[in-house]
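Topology and contacts: notes
Spelled out, the chains give:
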Amino acid sequence: MVFGWLAPPAMAQDVHLGVKSCGSSGCHGQVASSSSPVLLNEYVTWQKYDSHATAYKVLMEPRSQRIAKNLGLPNAHEAKICLDCHADNVAAELRGPQFVLADGVGCEACHGAGAAPWMGLHIGGSPHDQNVQNGLRPLEDPIVRAGVCLQCHLGDDSQFATHRIMGAGHPRISFEMDSFTDFQPAHFVIDDDYRERKKVVDGVRTWAIGQALMVERRMDLLISTKYATDGLFPELAFFDCHACHQPMSSALPDKNGDFPTAWTPRPGTGLGPGVPKFNDANMLMLEIALDMAGPEMVEAMSQNILAIHKGSQTSRAAMVEAAKKTKATARAAVNALAAKEMDAATMKKAMEGLIARGVDGYFVDYEAAEQSTMALGSIIEAMRVAGYIDGAGYKRMSAMMEDVYNAVADDERFVPSKYVAAVRELSAAL
Ligand code: HEC
Ligand code: HEC
Ligand code: HEC
Ligand code: HEC
């Protein structure tokens, strides 16, 4: 089954030359930046600070060996299921003489195969458009970037971190494209010459389109027969991990007689207690993002959320039906959000939407709170970059975000009421 996702197979049949061929000291492996338009120290940043450089090496560690053993695999570092996400695992005939699998997620896993014609052209200083026409992936485009990141940070029809992999000991995976581009950390700077060479997309649009594409992809995975069921149960990785993974004592009162960690109802799900909840965090974010594009689409997304939860309590057929509709809304959302102008009022609207929903108790599930926190961080940063808030305003808002960050710092000690209180304070201070 082939999904209609954009990006990866740009020049799928070209050879990958290996990180060393990009990272030599004459090219992207310089220590200090020079007069070139790009930093030229990208290799150093990647190798020193980027966990993609160690993605393969973690497969050699005891915890990976244990995951592999639990899954009945001979080892992790040779298992296709692990390598597809933890390395640039292209077919043997596509590995050039300098290609080293142990280099993990290298330059070409994101930027595209180096043996494609863009390589020679870009060394000669060809313009970006021409490089892109010759196989360089235009990662500045959020749709293309999502296609690349989400292969591994959410999955696709050939690589997916199922609940069995989680159960074997794999950490939970979460993603938000704009924040994660920053966390990576970025090995590029958006300055005047970057703006001349490439189309710059602000962080709010990157966040919003990232959410739409995560929703679309989650729906594709849900519709796919490959991950339909596992024995009696549906694939549990689609559900909210913390709905099941709570100690039973979390329903008991604390010493003040309050129930801070017990099940909390949430508007807009139609679900009662004791029900595994579909992980709808990206759908909740998209609902808010769509408020920037128009009220009809918000309404469609709210209906989708309800239908997904209802479907999850009815039958696989009802779930697939709801997923197909949601997918259509998400696809339309990508187009609407790509066309929308992101002025100060629009960005502010998204921020206020997140805060209002947070105060109203829509983010009492950990994954929604985590997503909302990353979204707020992204929007504040984007407003600073766009000059919509000044240095002092940015400092003040960042300081006010401290409690919000603290409330989501540990998923296993998440207290919904603390999150709501932190967002309420933020709201009052704004
Ligand atoms: C769908 C892609 C995918 C698959 C399949 C996958 N992983 Fe991962 N793995 C990730 C991502 C993404 C992270 C980082 C999660 C995060 O921090 O957000 C990760 C993190 C890890 C970590 C923790 C690394 C750290 O620095 O803390 C280990 C260990 C690990 N994976 C081992 C494995 C093993 C062993 C397999 C094969 C059984 C495997 N993974 C399969 C995507 C995947
Ligand atoms: C996990 C994905 C990923 C990996 C791995 C990666 N990059 Fe990037 N890179 C990006 C993204 C995203 C951007 C920003 C969008 C853009 O300008 O293309 C970027 C931008 C760049 C730029 C453009 C800077 C500019 O001013 O135009 C260069 C050069 C670059 N990367 C080189 C490298 C090199 C060399 C490596 C390997 C050592 C590497 N990248 C590894 C994702 C990646
Ligand atoms: C080929 C698979 C693959 C692709 C493509 C990929 N990643 Fe990753 N990424 C991983 C794996 C695996 C890890 C975990 C590595 C580890 O911890 O050792 C990871 C880790 C990260 C981390 C660190 C997370 C943490 O919790 O510390 C960030 C940030 C990140 N990726 C961002 C991105 C972005 C942004 C893109 C797209 C531009 C991207 N990645 C593309 C596989 C991938
Ligand atoms: C519908 C309930 C449910 C959901 C949702 C769920 N799990 Fe599980 N999980 C289970 C069950 C049942 C087991 C098996 C427990 C056992 O073996 O005793 C399990 C086992 C695990 C284990 C192994 C625990 C151990 O003691 O070794 C991990 C880790 C895990 N799940 C992670 C996750 C993650 C991450 C998610 C979200 C992506 C998730 N689970 C979603 C029910 C769930």
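Look a little higher up for the structure.
Residues numbered from 1 in each chain as written. Chains lettered and ligands numbered in written order. Predicted model: local features only at pLDDT ≥ 70, side-chain atom pairs only at ≥ 80, totals over all residues. Heavy atoms only, no water.

The immediate surroundings of ligand 4 are formed by His-163, Met-166, Gly-167, Arg-172, Leu-236, Ala-237, Phe-239, Asp-240, Cys-241, Cys-244, His-245 and Pro-276. Between His-163 and ligand 4, the recorded distance is 2.8 Å, taken from a side-chain N or O atom to a nitrogen atom. Residue His-245 places a side-chain N or O atom 2.7 Å away from a nitrogen atom belonging to ligand 4. Looking at the shell around ligand 4, the elements that each hand over two or more residues are helix H9 (163–167) and helix H13 (241–244). For the shell around ligand 4, the leading source of residues is H9, giving three residues. Residues belonging to the shell around ligand 4 are distributed by class as follows: seven nonpolar, three polar and two charged. (Near = heavy atom within 4 Å. Polar contact = N/O pair within 3.5 Å; in protein donor to acceptor, adjacent residues only side chain to side chain. Helix = DSSP H or I, 4+ residues; strand = E, 2+ residues; numbered from the N terminus. Nonpolar A, V, L, I, M, F, W, Y, C, P; charged D, E, K, R; others polar.)

Turning our eyes to something else, we now look at the coordination of the iron atom of ligand 3. Around the iron atom of ligand 3, the donor atoms from the protein are His-52 (NE2) and His-153 (NE2), and they sit 2.0 Å away. Here the iron atom of ligand 3 binds six donor atoms, and the angle range of 86 to 179° at the metal identifies the geometry as octahedral. With a gap of 101 residues between them, His-52 in the loop between helix H2 (42–49) and helix H3 (62–70) and His-153 in helix H8 (residues 142–153) connect regions that are remote in the sequence. Residue classification places His-153 among the partly exposed positions, given a relative accessible area of 24%. (Donors = N, O, S within 2.8 Å, 3.2 Å for Na, K, Ca; no water. Tetrahedral: all angles 85-135°; square planar, octahedral: opposite > 155°, others 65-115°. Buried < 20%, exposed > 50% of the residue type's maximum accessible area, 1.4 Å probe, protein only.)

A word on the packing of helix H15 (residues 295–312) against helix H16 (residues 316–339). Interaxial distance between H15 and H16 falls to 9 Å at its minimum, and their mutual angle equals 155°. The angle between the axes of H15 and H16 places the two elements in the roughly antiparallel class. Where H15 crosses over H16, the handedness of that crossing is left-handed. Contact with H15, carried on its side by Met-297, Ala-300, Met-301, Asn-304, Ala-307, Ile-308, Gly-311 and Ser-312, involves Ala-318, Met-319, Ala-322, Ala-323, Lys-325, Thr-326, Thr-329, Ala-332, Ala-333 and Ala-336 of H16 and no other residues of that element. Its residues placed into classes, the contact of H15 with H16 shows twelve nonpolar, five polar and one charged. (Axes fitted to C-alpha atoms, helices over the stretch in contact; angles between N-to-C directions. Parallel < 35°, antiparallel > 145°, perpendicular 65-115°, else oblique. Left-handed = near helix turned anticlockwise from the far one by under 90°. Contact = heavy atoms within 4.5 Å.)

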